Structure formats: C-alpha cells, structure tokens
Amino acid sequence: MIGNDQSSCVSGIGSVKIKMHDGVVRTLTEVRHVPDMSKNLISLTTLDLGGCQFVGGDGVLKVVKGALVVMKAHQVGRLYVLQGSTVIGTAAVSSSMSDSEVTRLWHMRLGHMSERGLTLLSKRGLLSGQSTSKLEFCERCLFGKQKRISFNSGLHRTKGTLDYIHSDLWGPARVPSKGGARYMLTFIDDYSRKVWVYFMKKKSDVFVTFKQWKALVEKQTGKKIKRLRTSNGLEFCDGDFNKFCKDEGIVRHLTVRGTPQQNGVAERMNRTLLEKVRCMLSNSGLSNDFWAEAASTACYLVNRSPNASIDCKTPE
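What you see is a predicted model; the values in this text were computed from it and never measured.

**Student:** Looking at this structure, how should I read the overall build of the chain?
**Tutor:** Within the chain one finds nine helices and 12 strands. Overall size of the chain, expressed as C-alpha extent along the three principal axes, is 85 × 40 × 35 Å. Taken over 316 residues, the chain has a buried fraction of 40%. Long-range pairs, those at least 24 residues apart, make up 54% of the contacts in the chain between residues at least 6 apart in sequence.

Written out as structure tokens, the structure reads:
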C-alpha cells in the first residue's frame, strides 16, 4: 500500500548491496521490487526489528547497530536521503565480500592498520584465512594520522628486554574518560617494542604507577630495568622518583626541555595510539569519553601487530 491508499504490485524480493558513507558495502535483504514506485525507500521499522537504533539531530539521521554507525542520512526538504549508492552488477546478488571489502573491514577491525601490516598478517593466515588487496583511500586515516615534518631519529642497540625503557605522559585530555582519567602514561621496551598503558586522574600519580609497573614486569620477566628515558618534566624528576631510581640502580636519560623529539620512541608510540583512538572513535560513532577504552584496545592491537623496528615481528 502506498500514500494514496492504493496497492502496487511487488514483482520480486531479493537482496541489494549499498556502498555506505564509510565506503563499506552492506547488504539489505528481503527488499521488495515495486516497479510503480519512482523512489527507493528504506523501512526504519524493518531496521528496528533487525536490532538497529536511530539517532537524529542537526539534519543528520544515524542508524546504529551496537557501537557502529551502519547508515547515515542527511535531511533534504522533509525527508532523509541516505549517504551511499547502490552497487550495480553481479556483485549486487553475491553474498560474499570482495578482497577490497575484506581489506577495508580488517583495516578498521585492527585500529586502521597499514596496508603492509595487513598483507603480512594475511600471508601468515592470521586474518581468518582471508586474503587482502590494495587498501583503498581511507578518510578516517587522513583525519586521524596527520603529522608534522619528521625529526632526525636516534639508534638504540639493546640486547634484551628491560635493558632500555622509554616512557612519556600524555594529557590532560580535554574530555575525562568514563573512569575519570585525564592522563595516559606509556612504557615502551626498546628491545621488543612492547607497550604498556596506564590511565591516571592526576600527574602526581606517575611515581606510584611507575613502581607498580616496575614490580609487574620485573616479576613476570625475571629481569631488572637498567635504563629509563623520559622527558624532563617534574612528574619524572621529583625527589622521590630520582631517589628511587638511584636506589634501584636505574640509569636516567632525560631530554632537553622543550624538545620532545629526543624522546622519539615514546612520543611516536603516543601518536600511534592516539591515531588509532581517533580513527576508532570516529568510525564507531562513540563519544570522546570512551578514549581510554579505545586507547587500551589500541595498545592490545599494537602489541600484536607487525612492527617495522623489530623486522616486522610482533612485540607480543
């Protein structure tokens, strides 16, 4: 039945593939083909029955399933017009995903990993046996990974874990996390490039957090921290921190004030984590107060992703 209370014939029922606003191709099932209708309509009731929710405001309607924005529409006149286009041809009746779609899906699943990393994981059979192809342009990566011109890098030739540790404090965040944290403290092992992240409400918690992390890694590895590289900030250089490092025999390497490039490994890791956080939050449609959860997920993924500094092995 249509708007003027007349009936129209349904000549067929099938599936239609639509390329959405984020470039992902999604399939609408049980679609009615009505030749008499000149406009394509999507039933919100059907999407609701499929577990979707709707969020509207400022002329934009978002269809959300879980934490993912699956559809987005802009208001035109009195209607919402879907951002996307119908996929025409044989792909429209195929239920399998193409290599480019699989590549983009894993790219997003793994916190917007690089094409090289995806290729390595695919060759090792770690992407559920699926093959990848050339990664197409990703708007979220452009948004989340812009950077300044690079600074000259230093070399460290460590021979074992905990020989050399890089650390840095990021914050304060403009938006506190769900747990009230405003700071993120990272520790990176130079040999394995494994990273640990801790979230804190205050800068003054750095020393306590460092002692907790030190006890954890030394107990787990059976080794001792030998050298620690940090910025020259007061949170790393107060009397208690310096005395503790002297008592424990930890050599301190401090950067020149106002030169974060000298702590490049830690700064670069912060950038990597925050790039993934911005990409994942933007992709999922979650609010910024989920940044700590996203950073924790990004840390987990980084430790299990190929790292160029260790010949594309994974830190874990």
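Continuing now.
**Student:** I tried to follow helix α3 (residues 115-123) on my own but got confused; where do I start?
**Tutor:** By the burial criterion, the buried members of α3 are Gly-117, Leu-118, Leu-121 and Ser-122. Projected down its long axis, α3 shows its buried positions confined to an angular sector of 135 degrees, all on one face. Looking at α3, the residues exposed on the side facing more than 90 degrees away from the buried face are Arg-116 and Lys-123. Packed against the buried residues of α3 are α2 (99-109).

**Student:** Got a minute to help me understand the pairing of strand β11 (residues 227-230) in this structure?
**Tutor:** Along any regular strand the residues' side chains alternate between the sheet's two faces. Here three bridges tie strand β8 (residues 164-170) to β11, and the two strands are oriented parallel to one another. Note that in β11 the partner of Tyr-164 across the bridge is Arg-227. The sheet contact formed by β11 and strand β12 (residues 251-254) spans four bridges and is parallel. Following the sheet pairing, Arg-229 is matched in β12 by His-253.

**Student:** Help me understand the side chain of Arg-104, please; the structure alone is not making it clear to me.
**Tutor:** Relative to the helices and strands, Arg-104 is located in helix α2. Nearest to the buried, unbridged Arg-104 among oppositely charged side chains is Glu-136, at 5.3 Å. For Arg-104, the side chain forms a polar contact with the main-chain oxygen of Phe-137, separated by 3.3 Å. When near neighbours in sequence (up to four residues on either side) are disregarded, Arg-104 contacts Asp-22, Gly-23, Val-24, Leu-135, Glu-136, Phe-137 and Cys-138.

**Student:** I would appreciate a short explanation of a nonpolar patch on the surface in the present structure.
**Tutor:** Together, Ile-2, Met-37 and Leu-41 make up a nonpolar patch on the protein surface, roughly 270 Å² of accessible area in all. By the secondary structure assignment, Met-37 is in the loop between β2 (25-33) and α1 (44-49). Relative accessible area serves as the criterion here: at 34%, Met-37 is assigned to the partly exposed category.

**Student:** What am I meant to see in the nonpolar core here?
**Tutor:** Among soluble globular proteins, nonpolar side chains are generally buried collectively. Core analysis: the biggest nonpolar cluster contains 21 residues, and Phe-210, Trp-213 and Phe-241 have the highest contact counts within it. For this core, the elements supplying multiple residues, two or more each, are β8, β9 (183-189), β10 (195-200), α5 (206-221), α6 (234-237) and α7 (239-248). If one sorts the elements of this core by residue count, α5 sits on top with five residues. Sequence-distant contacts of Trp-213, defined by excluding residues within four places in its chain, comprise Ile-165, Phe-187, Trp-196, Tyr-198 and Ile-225.

**Student:** Explain the sheet that holds strand β5 (residues 68-76) to me, please; I cannot follow it from the model alone.
**Tutor:** Across a sheet, paired strands are connected by hydrogen bonds in the backbone, their directions being either parallel or antiparallel. Reading across from one edge, β3-β4-β5-β6 is the order of the four strands in this open sheet, with antiparallel pairing throughout. Edge positions in the sheet fall to β3 (53-57) and β6 (79-82), since each of these pairs with one other strand and no more. The mean angle between the axes of side-by-side strands here comes to 30 degrees, regardless of whether they run parallel or antiparallel. In the sheet, β5 pairs with β6 via four bridges, with the strands oriented antiparallel.

**Student:** Whenever I open this one, the packing of aromatic side chains confuses me. Can you help?
**Tutor:** Each pair of aromatic rings is reported with the distance of its centres and the angle of its planes. By the definition in use, this model includes 12 aromatic pairs. When the centroid spacing of 5.4 Å and the interplanar angle of 65 degrees are considered together, the rings of Trp-170 and Trp-291 count as edge-to-face. With a gap of 121 residues between them, Trp-170 in strand β8 and Trp-291 in helix α9 (residues 291-302) connect regions that are remote in the sequence. When its relative accessible area of 26% is taken as the criterion, Trp-170 is described as partly exposed. What makes Trp-291 buried here is its relative accessible area of 6%. A centroid spacing of 6.2 Å and a plane angle of 40 degrees characterise the contact between Phe-210 and Trp-213, whose relative ring orientation is tilted.

What counts as what
Residues numbered from 1 in each chain as written. Predicted model: local features only at pLDDT ≥ 70, side-chain atom pairs only at ≥ 80, totals over all residues. Heavy atoms only, no water. Helix = DSSP H or I, 4+ residues; strand = E, 2+ residues; numbered from the N terminus. Buried < 20%, exposed > 50% of the residue type's maximum accessible area, 1.4 Å probe, protein only. Contact = heavy atoms within 4.5 Å. Arc of directions from axis to C-beta. Pairing = 2+ DSSP bridges. Lys, Arg positive; Asp, Glu negative; His and termini not counted. Salt bridge = Lys/Arg side-chain N within 4 Å of Asp/Glu carboxyl O. Polar contact = N/O pair within 3.5 Å; in protein donor to acceptor, adjacent residues only side chain to side chain. Patch = residues over 30% accessible without salt bridge, like charges linked within 9 Å, V, L, I, M, F, W, Y side chains within 5 Å. Areas by Shrake-Rupley, 256 points an atom, 1.4 Å probe, with all protein chains shown as cover. Core = buried A, V, L, I, M, F, W, Y, C linked by side-chain atoms within 4.5 Å. Axes fitted to C-alpha atoms, helices over the stretch in contact; angles between N-to-C directions. Phe/Tyr/Trp six-rings, centres within 6.5 Å; stacked < 30°, edge-to-face > 60°.

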